[in-house]
Structures are given as C-alpha cells and as structure tokens.
Amino acid sequence: MNKISPSMMCADILTLVDTLKTFEKNNIEYLHIDIMDGHFVPNFTLGTDYCKALKKITKIPLDIHLMINEPESKLDWFEFGEGDIVSVHAESTAHLQKALAAIKRRGAKAYVALNPATPLSVLDYILDDIDGVLVMAVNPGFAGQKMIPSALEKISEIKKLFAEKGLSDKKIEVDGNVSFENAVKMRDAGADIFVAGTSSIFSKNFTLDEGISEFRKVIG
Ligand code: DX5
Ligand code: ZN
C-alpha cells in the first residue's frame, strides 16, 4: 500500500498535538520534516529541537528531508534511527556516498533527494547505498508551488531503472504540490510515498480527517 508523509512545515504548530492524534488515528506512516539552512534553499523552517520533540510525543516514524549543505557533517545534530527515513540532496554535498552510508549506519533508511533539474545519472554509483529516491516536483524551499511536469517522467524513469536492476524493493517518494490531481499522476508514474502538504490534506477546504481519507483513496 502506498504511504502518506504529511509535510509538517504545513502543520499548525499551535495544534500540533491534535494533528498528531489525527495522524495516529488514520495510521499515517511518516512525518515529513523539512530542514532548511537558508543556504542550500532560500528558507529556514523546522529544526533539530522540533525533531526531538516529535520523538517524545509520537511513535510515527520521521521522514527527515535535509535541505542543508554538507549534511554528512551534521547528521549527529538529529535524533533518528530504525524505522526513520533521512533524505540528503545529491546537490548539497561532494560526499554523497559518505552521507548515505552514515545514515544507514545509524539504522535509518537512506534516500537521495533530487532537485527538478538533476539528472538520474547521479544514481549510477550509489544504487547500493540508497533505500529510495526523494523526487522533488518543485524547487525546494516553499510550500504552495506548482508541480514541474518533468517530475512525472523522472518518477517513471526511476521505477523502470529499479525494475531493470532488480531493485524494486527501493522506494520512490515525491515531494512538492502533491495535490489530489497530481497524486494520481505521480501514483501512476510509480511513486510509493507521497508528501502531503497545502495542496492536499492541509488545504483549508476540509478537515484534516476528510483530507486524509480522500488522499488515501487517491494514492491507493
Ligand atoms: C517544498 C516542501 C514540501 C511541500 C509542501 O520544499 O518540501 O513540504 O512543497 O507541500 P505543498 O507543495 O503541497 O504546499
Ligand atoms: Zn520536503
């Protein structure tokens, strides 16, 4: 079954505990935590204390999306381990394999995140080091953007690559403008994990419960 990873930068911090209860009631599989350093991306969002607080108040695994330069030297700033996902951007370090190996050594799943313009050739020598790929459907940094259509082709190319190499256990996560409408196309292209933000479950047009059950139907 495909999985939902709500984008926590879109969640109202003042009602966080209620939001987490709704997520637990709806068996949400991950919490997508966008970490930004103001350099790799022009924004500054959630941080290390936010991750530590979540670990104290919920059992839902973290899906930590590191949009920071040189992530390999900052992994120890975060609490993560078995069951969690940590994504590092291929464009954010000269030591990508080192960063991925360090994540796996700590027991978490290591994903490589790809910005919209980044070609799939970056995967050539790290296929053994990754548990999945985080495909950015927008240029990272801000919620509320529009999907860049080439993301759909990239998802299906990765799906094909994994199938050809006998790596179908590796997952494809998609992040950015994952609206109800786009989620159908992303699912059909081969995505497994969907980052749900203001375009879907956090939309003001319905309750969180309604948004999650609608989104569940769409992603299948
Ligand atoms: C983009 C963020 C996402 C996402 C937010 O950098 O990583 O969390 O775009 O959701 P939307 O795009 O639906 O507002
Ligand atoms: Zn993200």
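Structure: see above.
Residues numbered from 1 in each chain as written. Chains lettered and ligands numbered in written order. Predicted model: local features only at pLDDT ≥ 70, side-chain atom pairs only at ≥ 80, totals over all residues. Heavy atoms only, no water.

## A look at the overall build of the protein chain
Scanning the protein chain for helices and strands turns up 6 helices and 8 strands. In the protein chain, the succession of helices and strands from N to C terminus is β-α-β-α-β-β-α-β-β-α-β-α-β-α. The C-alpha atoms of the protein chain give a radius of gyration of 16 Å, which matches the 17 Å a tight globule of 220 residues would have. Its C-alpha atoms give the protein chain principal-axis dimensions of about 45 × 35 × 30 Å. When burial is assessed residue by residue, the protein chain has 58% of its 220 residues classed as buried. Of the contacts made within the protein chain by residues no fewer than 6 positions apart, 62% connect residues no fewer than 24 positions apart. Surface exposure of the protein chain reaches about 10000 Å², of which carbon and sulfur atoms provide 54%. Each charge class in the protein chain was averaged separately, 25 positive and 31 negative side chains, and the resulting centres sit 3 Å apart. (Helix = DSSP H or I, 4+ residues; strand = E, 2+ residues; numbered from the N terminus. Rg over C-alpha atoms; globule rule 2.2 N^0.38 Å. Buried < 20%, exposed > 50% of the residue type's maximum accessible area, 1.4 Å probe, protein only. Contact = heavy atoms within 4.5 Å. Areas by Shrake-Rupley, 256 points an atom, 1.4 Å probe, with all protein chains shown as cover. Lys, Arg positive; Asp, Glu negative; His and termini not counted. Charge placed at Lys NZ, Arg CZ, Asp CG, Glu CD.)

## Regarding the packing of aromatic side chains
In the structure shown here, the tally under the stated rule is 4 aromatic pairs. For the ring pair Phe 180 and Phe 215, a centre distance of 6.0 Å and an interplane angle of 65° mean the geometry is edge-to-face. A residue pair is termed long-range when its members are at least 10 positions apart, and Phe 180 in helix α5 (residues 180-189) and Phe 215 in helix α6 (residues 208-219) qualify at 35 residues. Taken together, the ring pairs connect Phe 180, Phe 194, Phe 206 and Phe 215 into an aromatic cluster. Cation over ring: Arg 106 sits above Phe 80, and NZ or CZ is 3.8 Å from the ring centre. (Phe/Tyr/Trp six-rings, centres within 6.5 Å; stacked < 30°, edge-to-face > 60°. Lys NZ or Arg CZ within 6 Å of the ring centre and 35° of its normal.)

## So, the pattern of salt bridges
All chains considered together, the criterion is met by 10 salt bridges. For Lys 55, the salt bridge is made with Asp 84, and the minimal N-O distance between the two is 2.7 Å. Here the residue Lys 55 occupies a position in helix α2 (residues 48-57), and Asp 84 occupies one in the loop between β3 (62-67) and β4 (85-89), the gap between them amounting to 29 residues. Overall, Lys 55 belongs to the partly exposed group, its relative accessible area being 33%. For Lys 217, the salt bridge goes to Glu 214, with nearest N and O atoms at 3.4 Å. Of this pair, Lys 217 and Glu 214 are both found in helix α6, 3 residues apart, which corresponds to roughly one turn of the helix. (Salt bridge = Lys/Arg side-chain N within 4 Å of Asp/Glu carboxyl O.)

## Things to note about the packing of helix α1 (residues 16-25) against α2
α2 packs onto α1 with a crossing angle of 55° between their chain directions and a minimal axis gap of 12 Å. Here α2 runs oblique to α1, going by the angle between their axes. For the pair α1 and α2, the crossing hand works out as right-handed. Residues Leu 16, Leu 20 and Glu 24 of α1 lie in contact with α2, whose contacting residues are Tyr 50, Leu 54 and Ile 57. Split into classes, the residues belonging to the contact of α1 with α2 amount to 5 nonpolar, no polar and 1 charged. (Axes fitted to C-alpha atoms, helices over the stretch in contact; angles between N-to-C directions. Parallel < 35°, antiparallel > 145°, perpendicular 65-115°, else oblique. Left-handed = near helix turned anticlockwise from the far one by under 90°. Nonpolar A, V, L, I, M, F, W, Y, C, P; charged D, E, K, R; others polar.)

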